[in-house]
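Chain and residue survey
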Amino acid sequence: MRALRVALASAVATVGLALATSAGGAGARPAWPVTVRAANGAITIAHQPTRIMSLSPTATEMLYAIGAGSQVTAVDKYSNYPAGTPRTSLDGYSLNAEAVARYRPDLIILAYDPPALAAQLATLHIPVIYDPAAPTLAVAYHQYLGLGEATGHLAGARAEVARLRVRVAAIVRTAPHVPAGTTYYYELDPTYYTVTSATFVGQLLSMLGLHSIADAGGTHVSGGYPQLTAESILQANPSIILLADHGCCQATPASVAARPGWSALSAVAAGRIYVVSDSLASRWGPRVTLLLQAVASDLRRAFG
Amino acid sequence: MRSGEHAGDGAPAPPPVSATRPVLVALAVLVVVTLAATAIGPADLSLATVARVVAGHVGLHLPGRVSAIDQAIVWQIRLPRVVLGGLVGAMLALGGASYQGVFRNPLADPYLLGVAAGAGLGATIAIVSASRATYLLPLAAFAGGVVAVSLTYLVGARANGYATSASIILAGVAVAAVFTALQTNIQQQHAADLQPVYSWILGSLSVATWSDVRLIVPYVALSTVVLLGHRRLLDVLRVGEEEATSLGVDPRRVRLTVVAAATLGTAAAVSVSGLVGFVGIIVPHVVRLTTNASYRVVLPVSLISGASFLILADLGARMLDAPAEIPLGVVTAFIGGPFFIFVLRSRRSRQGTL
Amino acid sequence: MSALELRGLAVSYDGVAALCGIDYALAPGTWLGLIGANGAGKSTLLRALVRLVAYQGTVRVGGAEVARLSRRRLAQQVAFVPQTPELPREMRAIDYVALGRTPYLGYFAAERPADRRVGHELLARLGLDALAERPVGALSGGEVQRLVLARALAQEAPVLLLDEPTSALDLGRRVEALELVDQLRAERGLTVVAAMHDLTLAGQFATEVALLDHGRLVRTGTPDAVLTDAELGRYFGASVRVLRDDDGDLVVVPRRQRGGPS
């Protein structure tokens with residue numbers, strides 16, 4: 001979570017760079033070598049990579065979605081989607097360059113850049129694309145295009161982006177209309193860490209007409225991931241509660257309702273507490289539509 | 001000046017070291033701090049609302065209605081947090097003062113003896129190995145703390161046949177190092193679970209409930225009774241182990257009892273609050289510098305002032321960045337550090353003029 | 001009955017004998033001066049009597065065997081003034097003296113008014129009552145010496161052990177402190193065992209002298225009998241002359257070793 005927030009901060013700073021990537025890459029057939037821009041600057045890739053190593057579960061999903069799956073030879077231990085990825089015991093949060101080099105990759109994708117790792121890998125002459133957590137859908141789309149260009153699947157990347165745009169628009173269009181001022185409390189862990197509307201998840205939820213109760217303190221407080229006090233949650237009295245901490249911490253609608261004092265909340269009284277899959281919610285890849293779809297159907301149950 | 005020959009005949013002996021006045025002052029501060037922390041919170045409730053809720057729960061009925069949410073905010077969220085903060089702060093300060101007395105080392109605290117490292121390891125294991133960690137965590141932290149101190153004691157005692165202050169503190173440092181290393185290693189292998197471990201280590205009262213209060217009250221009460229019972233003996237230990245022995249006190253027995261009681265209470269406290277630093281060192285020191293060095297004063301006044309200190313620090317954690325939280329450990333370090341330096345400096349300049 | 005009786009007392013540190021085969025009995029009211037070169041075992045003997053070191057043999061205080069007494073009972077029988085006491089500098093003088101009442105208090109008990117009265121009377125007796133509420137750290141060397149003595153006396157034990165009681169004091173203070181102990185000995189029938197560096201003072205205050213050498217008692221008796229040119233020269237490895245002053249008191253004077261035969 002913290003790592004995510006750190007990554008996010010640097011991602012925000014590099015949105016501008018990412019925007020430039022897609023504009024430059026648009027239209028041209030990849031002719032090797034190619035140069036792509038990512039959060040770690042311009043990366044030149046000499047040949048079409050055939051031994052890709054993804055240490056980012058989201059990038060893994062993206063690579064398979066754009067048709068580069070057959071070039072992926074190693075992924076980190078959290079890359080559990082799609083089924084059949086070449087999983088290793090590597091952990092994207094604690095890496096050492098030698099363990100990575102052992103797999104002889106010709107392209108590495110990171111979502112978290114441990115201090116000096118990228119620099120160390122650079123001395124091995126392995127190109128590294130650093131795609132940290134996307135703060136917006138637009139940034140996620142640009143990451144798609146960057147990966148497409150780097151792997152020789154630009155067309156696949158474009159098609160996937162187009163599919164996502166259409167799908168997101170359709171979900172938003174058919175989602176139930178929520179009353180104006182509908183608020184949510186999105187729980188990241190049982191100590192009341194949450195998201196503001198400035199985060200990736202927050203923006204998806206905004207598309208459905210929802211507002212975070214954490215926005216009251218400023219949307220950029222704590223990088224968009226503040227820890228709320230229990231009493232401010234109670235006083236804000238959110239219209240719905242979304243639990244993204246079921247997988248990690250076994251939070252359930254029943255356990256939330258049983259928290260001392262929480263029974264006074266209208267979301268609890270009306271049973272508007274929903275579990276959100278943590279593995280969907282923490283990624284910004286092809287399955288964001290599933291997350292959006294799931295929340296839309298929760299809203300249908302809540303307000304339909 | 002009275003001459004020596006007549007001093008015995010009805011001349012009143014100077015009163016014993018009296019804790020009465022400092023205790024009353026500390027209690028007055030505690031009352032003010034508690035009232036303030038109950039009245040103030042990120043949920044902007046009126047004083048009348050807060051008063052109505054509290055009165056309602058002690059059997060008084062003030063006119064006026066309070067919404068169910070406001071009711072819950074005051075009684076289920078804010079008050080247990082204030083009470084738990086008070087208990088944890090009192091226990092950490094009393095435990096710290098007791099460790100310092102029994103080891104005759106002004107830096108002795110739960111961190112030095114491995115309690116904190118042990119509790120940290122226990123909490124980390126609970127968080128990464130069990131998905132039901134949220135309610136296992138206090139128990140695991142408690143077990144870890146007790147295991148670490150027992151180990152410290154055993155290692156310290158084995159080193160030269162019997163336990164001296166120095167050998168135990170050295171053993172504590174070694175045990176803490178090993179436990180911290182283990183904890184860091186486990187944490188690194190489970191990077192995805194880093195956040196809960198991390199926030200526990202920073203310390204927080206963000207999810208305080210009455211059941212937490214009920215969980216630690218027996219331990220804190222027992223520990224407090226035993227420790228306060230030793231306040232005169234800790235003064236005897238101030239003349240050193242040999243002289244205390246020649247005065248008829250067994251320093252090892254005192255030390256074992258005090259360490260056991262302080263560890264029990266401290267481990268119970270950190271199991272619900274996480275590792276809140278500074279309280280156990282700063283509060284007793286400020287008490288010592290501003291009142292009297294006698295443990296007959298330092299122990300009870302640290303107990304009460306520790307409660308005030310942590311309640312105040314937690315008020316800061318709730319309010320400074322409202323509606324978001326600031327980790328409590330960060331606040332205690334931020335308030336405690338500079339305040340400590342201030343007291344130390346003003347004390348030194350006063351002594352300079354003596 | 002002897003106030004203090006030692007039978008076959010032996011102490012060894014890590015297998016090396018520090019004391020061996022000590023037999024001695026003291027009548028109540030005796031002042032025994034322990035003398036001997038550095039390392040002869042004077043401090044070890046005193047520490048064995050309060051069980052700060054483990055010993056073999058028998059030590060009886062007022063007929064009771066020291067090894068069988070509880071720490072508290074022992075502290076009621078024997079008070080000990082160490083050579084360099086550890087001083088809690090911030091503690092008030094009166095509270096320091098009151099520590100001497102510890103053997104009479106239960107584990108969790110607080111001091112009673114009677115205990116404080118004992119402490120205050122002793123302070124007055126030693127001329128420290130004006131300083132009762134001063135911190136220990138603010139007292140002069142001589143005042144501290146008397147204060148530590150007062151704490152030991154507050155134990156109201158029939159036997160008082162002093163380890164080099166005057167080593168830190170200047171000449172005038174030395175005599176003053178010892179005079180005080182001697183008065184109390186006379187008044188209360190205290191039995192005093194004092195390790196004494198200054199042989200002249202030992203000769204003036206002790207009623208009996210015991211000379212230790214390498215952990216053994218080599219000479220015992222009255223000061224006149226033990227403090228002689230020959231004995232001291234033999235066991236201290238120095239040439240001394242024992243004189244008498246105008247009042248008939250012993251004076252031990254070291255003799256300068258002149259180079260070459262005279």
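1. Side note on the overall build of chain A
Along its length, chain A carries 14 helices and 10 strands. Taking all 304 residues of chain A together, 56% fall into the buried category. In chain A, the share of contacts with a sequence separation of at least 24, taken over all contacts with a separation of at least 6, comes to 63%. When the accessible surface of chain A is split by element, carbon and sulfur atoms take 57% of a total near 11,700 Å².

2. As for the packing of aromatic side chains
Residues and elements named next belong to chain A. A full pass over the atoms with the stated rule returns six aromatic pairs over all chains. Put simply, the rings of Y185, Y192 and W262 pair up and form one aromatic cluster. The ring of Y81 carries the charged tip of R287 above its face, separated from the ring centre by 3.9 Å.

3. Here we look at the interface of chain A and chain B
In many analyses, interface size is given as the accessible surface area lost on bringing the parts together. In this complex, chain A contributes 35 residues to the contact, which on the side of chain B involves 32 residues. Taken as a group, Q227, E231 and Q235 of chain A account for 24% of the area that chain A buries against chain B, more than any other trio of residues on that side. Across the pair R318 of chain B and E231 of chain A runs a salt bridge, and its minimum N-O distance is 3.5 Å. At the junction of chain A with chain B, the criterion picks out six residue pairs in polar contact (both at pLDDT 80 or more). Going through the elements one at a time, α1 (2–13), α9 (230–236) and α10 (246–249) of chain A are the ones with two or more residues in the side of chain A that touches chain B. A total of five residues in the side of chain A that touches chain B trace back to one element, the largest contributor, which is α9 of chain A. Residues that form the side of chain A that touches chain B fall into these classes: 18 nonpolar, 11 polar and six charged.

4. Details of the sheet that holds strand β10 (residues 273–275) of chain A
Residues and elements named next belong to chain A. Overall, parallel pairing links the four strands, which are arranged β8-β7-β9-β10 in an open sheet. Whereas interior strands pair on both sides, the edge strands pair on one side only; in this sheet they are β8 (211–212) and β10. Pairing between strand β7 (residues 183–187) and β8: two bridges, direction parallel. The partner of Y184 across the bridge, within β8, is S212. Helix α14 (residues 288–303) rests against β9 (240–243) and β10 of the sheet, and its axis sits at about 150 degrees to β9.

5. Quick look at the pattern of salt bridges
For the structure shown, the criterion picks out 30 salt bridges over all chains. A salt bridge links D235 of chain B to R238 of chain B; the shortest N-O distance between them is 3.2 Å. This pair shows no difference in class: D235 of chain B is buried, exactly as R238 of chain B is. Between R112 of chain C and D115 of chain C there is a salt bridge, with the nearest N and O atoms lying 2.9 Å from each other. A relative accessible area of 40% places R112 of chain C in the partly exposed class. Connected through salt bridges with shared partners, the residues D235, R238 and R296 of chain B together with E90, R92, D95, E111, R116 and E133 of chain C form a single ionic network.

6. A word on the pairing of strand β8 (residues 191–195) of chain C
Residues and elements named next belong to chain C. With respect to burial, β8 is a largely interior element, five of its five residues being buried. Going residue by residue along β8, you find T191, V193 and A195 tucked away on one face and V192 and A194 tucked away on the opposite face as well. Note: strand β3 (residues 31–35) against β8, four bridges, orientation parallel. Within β8, the position partnered with G33 by the bridge is A194.

7. A look at the environment of Q76 of chain C
Residues and elements named next belong to chain C. Mapped onto the elements, Q76 comes out in helix α2 (residues 71–77). Judged by its relative accessible area of 13%, Q76 falls in the buried class. Measuring from C-alpha to C-alpha, the distance between Q76 and P103 comes to 5.9 Å, with 27 residues separating the pair along the chain. Setting aside residues up to four positions removed in sequence, Q76 forms contacts with P103, Y104, Q155, E156, A157 and P158.

8. A short note on the interface of chain C and chain B
The partner chain B presents 36 residues to the 38 residues of chain C that form the contact. Counting the surface lost from both chain C and chain B, the interface buries some 3,100 Å², and carbon and sulfur atoms represent 58% of this. Linking chain C with chain B are four salt bridges. E90 of chain C is paired through a salt bridge with R238 of chain B; the nearest N and O atoms lie 3.6 Å apart. Elements represented by at least two residues in the side of chain C that touches chain B include exactly α2, α3 (93–98) and α4 (113–125) of chain C. Per element, the largest residue contribution to the side of chain C that touches chain B is five residues, and it comes from α4 of chain C. Classifying every residue of the side of chain C that touches chain B gives 19 nonpolar, five polar and 14 charged.

9. Quick word on the packing of helix α8 (residues 210–229) of chain B against helix α11 (residues 251–273) of chain B
Residue and element names in this part refer to chain B. Relative orientation of the contacting elements α8 and α11 amounts to 160 degrees, with a least axis distance of 9 Å. Judged on the interaxial angle alone, α11 and α8 are roughly antiparallel. Along this stretch, α8 crosses α11, giving a crossing that reads as left-handed. When α8 is examined against α11, the residues D212, L215, I216, Y219, L222, S223, V226 and L227 are found in contact with a partner set consisting of T257, V258, A261, A262, L264, G265, A268 and V272. In terms of residue class, the contact of α8 with α11 is made up of 12 nonpolar, three polar and one charged.

10. Things to note about the pairing of β9 of chain A
All names here are of chain A. Neither face of β9 is exposed, since I240 and L242 on one face and I241 and L243 on the opposite face are all buried. As defined by bridge partners, β7 adjoins β9 across four bridges and the pair is classed as parallel. Paired with Y185 across the bridge in β9 is I241. Note: β9 against β10, three bridges, orientation parallel. Directly across from L242, in β10, lies its bridge partner Y274.

11. Points about unusual backbone geometry
Backbone geometry follows two general trends: most residues other than glycine have a negative phi, and most peptide bonds adopt the trans configuration. Each neighbour pair has its own omega, and for Y81 of chain A with P82 of chain A the value is -5 degrees, a cis peptide bond. Tracing the sequence through the fold places P82 of chain A in the loop between β4 (72–75) and α4 (97–101). In the Ramachandran plot, N237 of chain A falls in the positive-phi region, its phi being about 45 degrees despite a non-glycine side chain. Checked against the element boundaries, N237 of chain A lands in the loop between α9 and β9. In the Ramachandran plot, R51 of chain C falls in the positive-phi region, its phi being about 60 degrees despite a non-glycine side chain.

12. Section: the sheet that holds strand β5 (residues 64–65) of chain C
Residue and element names in this part refer to chain C. Pairing in this open sheet of four strands is antiparallel, and the strands run β2-β1-β4-β5 from one edge to the other. Where the open sheet ends on each side, the last strands, each with one partner, are β2 (16–26) and β5. Alignment of strand β4 (residues 56–61) against β5, held across two bridges, turns out to be antiparallel. What sits directly across from R60, in β5, is E65. Set on the sheet, helix α1 (residues 42–49) makes contact with β1 (4–13), β2 and β4; between it and β1 the angle comes to about 115 degrees.

13. Here we look at the side chain of Q100 of chain B
Its location among the elements puts Q100 of chain B in helix α3 (residues 68–103). A distance of 3.0 Å separates the side chain of Q100 of chain B from the side chain of R288 of chain B, its partner in a polar contact.

14. Topic: the environment of A159 of chain A
Residue and element names in this part refer to chain A. Structurally, the position occupied by A159 is in helix α7 (residues 154–174). On the basis of relative accessibility, which here comes to 49%, the residue A159 falls in the partly exposed class. The spacing of A159 and A65 is 94 residues in sequence and 9.7 Å in space, taken between C-alpha atoms.

Calculation rules
- Residues numbered from 1 in each chain as written.
- Chains lettered and ligands numbered in written order.
- Predicted model: local features only at pLDDT ≥ 70, side-chain atom pairs only at ≥ 80, totals over all residues.
- Heavy atoms only, no water.
- Helix = DSSP H or I, 4+ residues; strand = E, 2+ residues; numbered from the N terminus.
- Buried < 20%, exposed > 50% of the residue type's maximum accessible area, 1.4 Å probe, protein only.
- Contact = heavy atoms within 4.5 Å.
- Areas by Shrake-Rupley, 256 points an atom, 1.4 Å probe, with all protein chains shown as cover.
- Phe/Tyr/Trp six-rings, centres within 6.5 Å; stacked < 30°, edge-to-face > 60°.
- Lys NZ or Arg CZ within 6 Å of the ring centre and 35° of its normal.
- Buried area = accessible area lost by both parts, 1.4 Å probe.
- Salt bridge = Lys/Arg side-chain N within 4 Å of Asp/Glu carboxyl O.
- Polar contact = N/O pair within 3.5 Å; in protein donor to acceptor, adjacent residues only side chain to side chain.
- Nonpolar A, V, L, I, M, F, W, Y, C, P; charged D, E, K, R; others polar.
- Pairing = 2+ DSSP bridges.
- Axes fitted to C-alpha atoms, helices over the stretch in contact; angles between N-to-C directions.
- Parallel < 35°, antiparallel > 145°, perpendicular 65-115°, else oblique.
- Left-handed = near helix turned anticlockwise from the far one by under 90°.

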